[in-house]
Amino acid sequence: MVSISLNDLNKNTVYSKTLQVIEDFCDEYELSNDFGTISTANQEIIDYLSNTFDDFCVEFMLDIDNQELSITYYSFEPIFNSLLSFDADRNIIKNLCDDLELSSDNKLVSLTFHVKPKFQIKRDISIKRTQTIHI
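Here goes a summary of the coordinates provided. (Residues numbered from 1 in each chain as written. Predicted model: local features only at pLDDT ≥ 70, side-chain atom pairs only at ≥ 80, totals over all residues. Heavy atoms only, no water.)

### Here we look at unusual backbone geometry
For clarity, the threshold we go by: Runs of H or I in DSSP of at least four residues are treated as helices and runs of E of at least two as strands, each being numbered from the N terminus. Partly exposed describes any residue whose relative accessible area lies between the buried limit of under 20% and the exposed limit of over 50%, with all areas from a 1.4 Å probe on protein chains only and scaled to the type maximum.
Unlike most non-glycine residues, Asp8 shows phi in positive territory, near 55 degrees. Positionally, Asp8 belongs in strand E1 (residues 2-9). Classification of Asp8 as exposed rests on a relative accessible area of 59%. With a phi angle near 60 degrees, Asn106 is a residue other than glycine that sits in the positive phi range. Note on placement: Asn106 falls in the loop between strand E4 (99-102) and strand E5 (108-114).

### Side note on the sheet that holds strand E2 (residues 58-64)
This is how the line gets drawn: Only when DSSP finds a minimum of two bridges between them are two strands counted as paired. Axis lines are fitted through C-alpha atoms, for helices just across the contact stretch, and the angle between N-to-C directions can take any value from 0 to 180 degrees. Residue contacts follow a heavy-atom distance rule, with two residues in contact if any of their heavy atoms lie within 4.5 Å.
Ordered by their spatial adjacency, 5 strands build an open sheet running E1-E2-E3-E5-E4, and the pairing between neighbours is antiparallel. The sheet is open, and its two borders are formed by E1 and E4, each paired with just one other strand. Each neighbouring strand pair of the sheet contributes to a mean axis angle of 10 degrees, computed without reference to strand direction. Sheet topology places strand E3 (residues 68-74) next to E5; 7 bridges connect them, and they run antiparallel. The partner of Tyr74 across the bridge, within E5, is Leu108. Its contacts with the sheet place helix H1 (residues 14-28) against E1, E2 and E3, and it is angled at close to 170 degrees to E1.

### Re the pattern of salt bridges
Under the convention used in this document: A carboxyl oxygen of Asp or Glu within 4 Å of a side-chain nitrogen of Lys or Arg is what we treat as a salt bridge.
Tallying each qualifying case throughout the model produces 1 salt bridge. A salt bridge links Arg90 to Glu44, with the shortest nitrogen-to-oxygen separation between them at 2.7 Å. Placement of the pair is Arg90 in the loop between helix H3 (83-86) and helix H4 (92-96) and Glu44 in helix H2 (residues 32-52), with a sequence separation of 46 residues. According to the relative accessible area criterion, Arg90 is partly exposed, its value standing at 41%.

### A look at the packing of H1 against H2
If you want to describe how two helices pack, look at the angle between their axes and the distance between the axes. Keep this limit in mind: Angles below 35 degrees are treated as roughly parallel, those above 145 as roughly antiparallel, those between 65 and 115 as roughly perpendicular, and all remaining angles as oblique. Helix crossings fall into two classes, left-handed where the near helix is turned counterclockwise from the far one by less than a right angle and right-handed where it is turned clockwise. Polar here means any residue outside two lists: the nonpolar Ala, Val, Leu, Ile, Met, Phe, Trp, Tyr, Cys and Pro, and the charged Asp, Glu, Lys and Arg; Gly therefore counts as polar.
Across the interface, H1 lies against H2 with an axial gap of 10 Å and an inter-helix angle of 160 degrees. Judged on the interaxial angle alone, H2 and H1 are roughly antiparallel. Classified by chirality, the crossing of H2 by H1 is right-handed. On H2, the residues touching Val14, Tyr15, Thr18, Leu19, Ile22, Glu23 and Cys26 of H1 are Ser32, Phe35, Ile38, Ser39, Asn42, Gln43 and Ile46. Grouping the constituent residues of the contact of H1 with H2 by class yields 8 nonpolar, 5 polar and 1 charged.

Function cannot be inferred from these measures alone, as they are strictly geometric.
Right, here's the structure in full:
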C-alpha cells in the first residue's frame, strides 16, 4: 500500500496540490485510463468546498493498494454535511466513484475507485558465483 498526505489545504491551494498528486499517482502506477474519472470526482469535492465556504482547511489523503485507490478529505469542522445535497441533482461524485463514504460527524469524506495499478517491483537478482580451485 502506498499513501500520501497533504495537510493544511485551503481554498487557494487545494486544487493545484491535489490534482498534482493525483496526476503523479496515475502516471506512476499506469492509471492514465482512470485519471479523468478520479480527477473529475476530486474536482467536484473541491467545487463543493469552494462554492460553500469562503475559508476552509482540509487534509487530503490518497491511498492505493492492489485493487483500490481512495481519496479522503478530512476537516476538524463538520463541513461535509451538505455534500450529498450539493451532488444530488447531478450525481457526479456518486457516478464516478465506486464507493462514497461520509462520516457521521460530517468531518470526513472518502471516495474509492476500483483500479488495477501496476506496481514496479525491483528485485536485486545477483548470483553469487564461487570458484573452486583444485591444487
